[in-house]
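# Tertiary structure, described
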Amino acid sequence: LEQMMEEDAGEDHPLVAALVVSLGAGLPAPWFFRKARDLGKYDGQPGDVEAFAFHASELQRAISYYFAPVERLHRTGGAPHHAAGWRREKENKNA
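So, a few notes on the structure that sits alongside this text. (Residues numbered from 1 in each chain as written. Predicted model: local features only at pLDDT ≥ 70, side-chain atom pairs only at ≥ 80, totals over all residues. Heavy atoms only, no water.)

## Brief notes about the overall build of the protein chain
In terms of regular secondary structure, the protein chain is built from four helices and zero strands. Listed by position from the N terminus, the elements making up the protein chain come as α-α-α-α. Burial statistics for the protein chain: of 95 residues in total, 32% are counted as buried. Residue pairs at least 24 apart in sequence account for 49% of intrachain contacts in the protein chain once pairs closer than 6 positions are excluded. Summed over all atoms, the accessible surface of the protein chain reaches about 5800 Å², with 54% contributed by carbon and sulfur. (Helix = DSSP H or I, 4+ residues; strand = E, 2+ residues; numbered from the N terminus. Buried < 20%, exposed > 50% of the residue type's maximum accessible area, 1.4 Å probe, protein only. Contact = heavy atoms within 4.5 Å. Areas by Shrake-Rupley, 256 points an atom, 1.4 Å probe, with all protein chains shown as cover.)

## A short note on the packing of aromatic side chains
Considering all chains together, one arrives at seven aromatic pairs under this definition. A centroid spacing of 5.1 Å and a plane angle of 90 degrees characterise the contact between phenylalanine 32 and phenylalanine 33, whose relative ring orientation is edge-to-face. By the burial criterion, phenylalanine 32 is buried, and phenylalanine 33 matches it. Centre to centre, the rings of tyrosine 42 and phenylalanine 54 are 4.9 Å apart; their planes meet at 35 degrees, and the pair counts as tilted. With tyrosine 42 in the loop between helix 2 (30-38) and helix 3 (49-76) and phenylalanine 54 in helix 3, this pair connects stretches of sequence that are 12 residues apart. Members of the aromatic cluster, connected to one another through ring pairs, are Trp31, Phe32, Phe33, Tyr42 and Phe54. (Phe/Tyr/Trp six-rings, centres within 6.5 Å; stacked < 30°, edge-to-face > 60°.)

## Points about the nonpolar core
Core analysis: the largest hydrophobic core is formed by 11 residues, namely Met5, Leu15, Ala17, Ala18, Leu27, Phe32, Phe33, Ala36, Tyr42, Ala51 and Phe54. In terms of residues, this core owes the most to one element, helix 2, which gives three residues. Beyond its immediate sequence surroundings of up to four residues, phenylalanine 32 is in contact with Met5, Leu15, Ala17, Ala18 and Phe54. (Core = buried A, V, L, I, M, F, W, Y, C linked by side-chain atoms within 4.5 Å.)

## Side note on the packing of helix 1 (residues 2-10) against helix 2
Angle between the axes and distance between the axes: these two values describe a pair of packed helices. Two numbers describe how helix 1 lies on helix 2: the axes approach to 11 Å, and their chain directions differ by 35 degrees. For helix 1 against helix 2, the interelement crossing comes out right-handed. Between helix 1, through Glu2, Met5 and Glu6, and helix 2, the contact on the second element is made entirely by Trp31, Phe32, Lys35 and Ala36. (Axes fitted to C-alpha atoms, helices over the stretch in contact; angles between N-to-C directions. Left-handed = near helix turned anticlockwise from the far one by under 90°.)

## Overview of the pattern of salt bridges
Within this structure, the stated rule accounts for three salt bridges. Between aspartate 12 and lysine 41 there is a salt bridge, and its shortest N-O distance comes to 3.2 Å. Linking aspartate 12 in the loop between helix 1 and helix 2 with lysine 41 in the loop between helix 2 and helix 3, this pair joins segments that are 29 residues apart in sequence. For aspartate 12, a relative accessible area of 53% translates into the label exposed. With relative accessibility at 26%, the residue lysine 41 sits in the partly exposed group. The shortest N-O distance in the salt bridge between arginine 61 and glutamate 58 comes to 2.9 Å. Here arginine 61 pairs with glutamate 58, and both are found in helix 3, just three residues apart, close to one helical turn. (Salt bridge = Lys/Arg side-chain N within 4 Å of Asp/Glu carboxyl O.)

See below:
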């Protein structure tokens, strides 16, 4: 997941790792916030109020970026894709 965060940050994509949360807290593990801070995406501590806001924002961005296109394909009868497949397909079109 950390490598994916580096790739996402390098391409200014939403952090797809935001989809992975701890059952108890409903937030990603503390390493997610430390890595996001190292990548210049987050300026706070894990568990702070800011962490909840950052995660909510990044989660919404990831869902919109990776899954909204999938929903459009399903509504229009296109072939089903998963987020990683859609991501590769989108990147190949931009290459």
